[in-house]
Amino acid sequence: MRISRQQLQQAFDALLQPERFKDYGPNGLQVEGKTDIACIVSGVTASRALIEAAIARRADAIFVHHGLFWRGQDGRITGWMRERLRLLLAHDINLFAYHLPLDAHPEVGNNAQLGRVLGWTADQRFGEQDLGFAGPATFDGVQALADHVAQRLGRPVTLVQPAAQRGIQRVAWCTGGAQGYFESAIAAGADAFITGEISEPQAHLAREMGVAFIAAGHHATERYGAPAAAALVAQQLGVEHHFIEIDNPA
């Protein structure tokens, strides 16, 4: 079965509602390709490796969380940007990207899907644009929580423990580079905060505020939303979908 590019964009927009968000780049169709679509490939980032893998799959459209264009970037089409665009245009592939809308969706978004993988259900939202999720989770201590996250994600994590050890009753999480949400997570009553990255201030805050901080990887925490959203839309429209994982240690 084949659908139109317009049908696909309407379905993604209806699901993710990008108009609700103030974002760092354009959401929706970023590169226009062929009009008719039968196969969608999803991935985390519109890297050259993902584009080449999508070409090998004979994809008509790529759906990602991290697109090509960001506010404040150099607008020249040279180097790596030229090569990515060359491949997309040469093979007539549509590129769809949804950033914060994909983080925030309550069912197929990155945060909801990370919660599913970790076995948690959010009962609270916090932080700017309500991107952060929080909910109950019981662990004997922060090391047990960190071990759980590492096991479920299949990679080591960075743990900053507070000076005073305590059990975990409530966790907050926000995928990717959401270390700036740590203070909002503390204010929301979390015993621990899980995100992708850590910057210098968060280690001090964790120790001083008595709330654990776990950095589990930007890519590692954001690899679940894109395939969930794309699979749902593909099923609704009756087209083929494949998730392609491009390894990233970050």
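Our subject in this report is the structure included herewith. (Residues numbered from 1 in each chain as written. Predicted model: local features only at pLDDT ≥ 70, side-chain atom pairs only at ≥ 80, totals over all residues. Heavy atoms only, no water.)

**Re the overall build of the protein chain**
For clarity, the threshold we go by: Helix numbers and strand numbers start at the N terminus; a helix is a DSSP run of H or I with at least 4 residues, a strand a run of E with at least 2. Radius of gyration here uses only the C-alpha atoms, and the compact-globule reference equals 2.2 Å multiplied by the residue count raised to the power 0.38. Accessible area is worked out with a 1.4 Å probe on protein chains only. A residue is then buried under 20% of its type maximum, exposed over 50%, and partly exposed in between. Any two residues whose heavy atoms approach within 4.5 Å are treated as being in contact.
Each helix and strand in the protein chain was counted, giving ten helices and 13 strands. For 250 residues, the compact-globule estimate of 2.2 N^0.38 gives 18 Å, and the C-alpha radius of gyration of the protein chain, at 19 Å, lies within 12% of that figure. Across its three principal directions, the C-alpha atoms of the protein chain cover 60 × 40 × 30 Å. Within the protein chain, the fraction of its 250 residues that count as buried is 55%. In the protein chain, once contacts between residues fewer than 6 apart in sequence are set aside, the share between residues at least 24 apart is 67%.

**Description of helix α6 (residues 142-153)**
Applicable threshold: To estimate the expected span of a helix, subtract one from its residue number and multiply by 1.5 Å.
Over its twelve residues, α6 runs 17 Å from end to end, which matches the ideal 16 Å to within 8%, given 1.5 Å per residue. Of the positions making up α6, those classed as buried are V142, L145, A146, H148, V149, A150 and L153. Directly beyond the C-terminal end of α6, a positive phi value near 70 degrees is found at G154.

**Focus: the side chain of R170**
Using the following cut-off: We define a polar contact as two N or O atoms separated by no more than 3.5 Å, with the added condition that, inside protein, one atom must be a possible hydrogen donor and the other a possible acceptor, whereas residues neighbouring each other in sequence contribute only through side-chain atom pairs.
Note on placement: R170 falls in strand β10 (residues 168-173). Engagement of the side chain of R170 in a polar contact is seen with the side chain of Q124, the distance being 2.9 Å. Excluding residues that lie within four positions of it along the chain, R170 makes contacts with D123, Q124, A134, G135, P136, A137, A188, G189, A190, D191 and A192.

**Things to note about the packing of aromatic side chains**
For clarity, the threshold we go by: Pairing of aromatic rings covers Phe, Tyr and Trp, the last counted by its six-membered ring, and requires centre-to-centre distances within 6.5 Å; plane angles under 30 degrees mean stacked, over 60 mean edge-to-face, and any other angle means tilted.
Within the structure shown, the criterion is met by twelve aromatic pairs. Pairwise contacts between aromatic rings join F126, Y181, F182, F193 and F213 into one cluster.

**Digging into the pairing of strand β4 (residues 39-45)**
We count it as follows: Handedness of a crossover: with both strands directed away from the viewer, a clockwise path from the first strand across the helix to the second marks it as right-handed.
Among the seven residues in β4, six count as buried, and that is most of the element. In terms of handedness, the path from β4 via helix α2 (residues 48-56) over to strand β5 (residues 61-66) forms a crossover that is right-handed.

**Concerning unusual backbone geometry**
Phi angles above zero are rare outside glycine, and Q17 is one such case at about 50 degrees. Structurally, Q17 can be placed in the loop between α1 (5-16) and β2 (28-31).

**Notes on the side chain of T221**
Position of T221 relative to the elements: it lies in helix α9 (residues 218-221). Only 3.0 Å separates the side chain of T221 from the backbone nitrogen of G176, close enough to count as a polar contact. Within the structure, the side chain of T221 is placed 3.1 Å from the backbone oxygen of H218, a separation counted as a polar contact. If near-sequence neighbours (up to four positions away) are discounted, T221 is found in contact with N110, L114, L153, T175, G176, T195, G196 and A216.

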